[in-house]
Amino acid sequence: MPRPSNTEERRQQIVSGLLRVMSERGYERASVNEIAKAAGLSPGLVHYHFSDKQEILLVLVQQLAARARERVAKRFERLGADDARGRIDAFLDAFLATGADSDTSAVAGWVTISAEAIRQPEVRAAYEQVVRADLEQLEALVAMLVGKRKARALAAGLFAAVQGYFVLSASSPGLVPAGSAASTVKHMAAGLLDTSAAREGA
């Protein structure tokens, strides 16, 4: 595999710097100087590689989405293509389970991005595109168990629970018992899906 170019490395340092600052102080307080300091670079290099702070944020949206999808894909590797229930649990685990591949700064960053999506149309468009794709993936899995008619509402409810746990864990650390989010939402999913599947079959 070829080594990343110096430009790619610098851009990645800057994006990672924004995530570090943002997860501790929020987006508003993430000045170019603070981002540069966290990245170990000069402010001039930040300006050289990115036109403004929002451009860095938009790259971060894509990178955090790619990380989450990589976690989902790794968990899917152990399952059969027709194992919808197992894949739903794996999807929820990928977003909520703690472990070696979890990243609390990414969760805090994502919560901040969702807040910025309310204020900035460009961020909203990028955020909505990512969330819509993830929700559609979950909806397709749910539809395998309960049919298409009920899948959107159930998938949206489960995905909202995931996003709610993100907000709680980022804004009030310690409020959610450690390691409980994934198992709780998986239990919610089991109850909702079993009840809906039973009604569908009745």
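Small disclaimer: the values here were computed from a predicted structure and weren't measured.

Colleague: Please provide a residue-by-residue account of the nonpolar core, values included.
Modeller: As a rule of thumb, soluble globular proteins bury nonpolar side chains together. Counting residues in hydrophobic clusters, the biggest one holds 64 residues, and the most contacted among them are Leu60, Phe95, Leu96, Trp110, Ile113 and Val142. Looking at this core, the elements that each hand over two or more residues are α1 (6–25), α2 (32–39), α4 (53–76), α5 (84–96), α6 (104–119), α7 (121–146), α8 (148–171) and α9 (181–201). The element contributing the most residues to this core is α7, with 11 residues. With residues near it in sequence (within four places) discarded, Leu96 still touches Val162, Tyr165, Phe166, Ala181, Ala182 and Val185.

Colleague: Just give me the short version of the packing of α6 against α8, but keep the residues and values in it.
Modeller: As a packed pair, α6 and α8 sit with axes 9 Å apart at the nearest point and diverge in direction by 110°. When the axis of α6 is compared with that of α8, the two are roughly perpendicular. Where α6 approaches α8, its residues Val107, Ala108, Trp110 and Val111 are matched on the opposing element by Gln163, Phe166, Val167, Ser169 and Ala170. Among the residues forming the contact of α6 with α8, the class breakdown is seven nonpolar, two polar and no charged.

Colleague: Describe the pattern of salt bridges, listing the residues and the values that go with them.
Modeller: A complete count under the given rule lists 11 salt bridges for this structure. The residue Arg25 makes a salt bridge to Glu24 at a minimum N-O spacing of 3.9 Å. You can call Glu24 exposed: its relative accessible area is 61%. We note a salt bridge from Glu34 to Arg25, for which the minimum N-O separation is 2.5 Å.

Parameters at a glance
Residues numbered from 1 in each chain as written. Predicted model: local features only at pLDDT ≥ 70, side-chain atom pairs only at ≥ 80, totals over all residues. Heavy atoms only, no water. Core = buried A, V, L, I, M, F, W, Y, C linked by side-chain atoms within 4.5 Å. Buried < 20%, exposed > 50% of the residue type's maximum accessible area, 1.4 Å probe, protein only. Helix = DSSP H or I, 4+ residues; strand = E, 2+ residues; numbered from the N terminus. Contact = heavy atoms within 4.5 Å. Axes fitted to C-alpha atoms, helices over the stretch in contact; angles between N-to-C directions. Parallel < 35°, antiparallel > 145°, perpendicular 65-115°, else oblique. Nonpolar A, V, L, I, M, F, W, Y, C, P; charged D, E, K, R; others polar. Salt bridge = Lys/Arg side-chain N within 4 Å of Asp/Glu carboxyl O.

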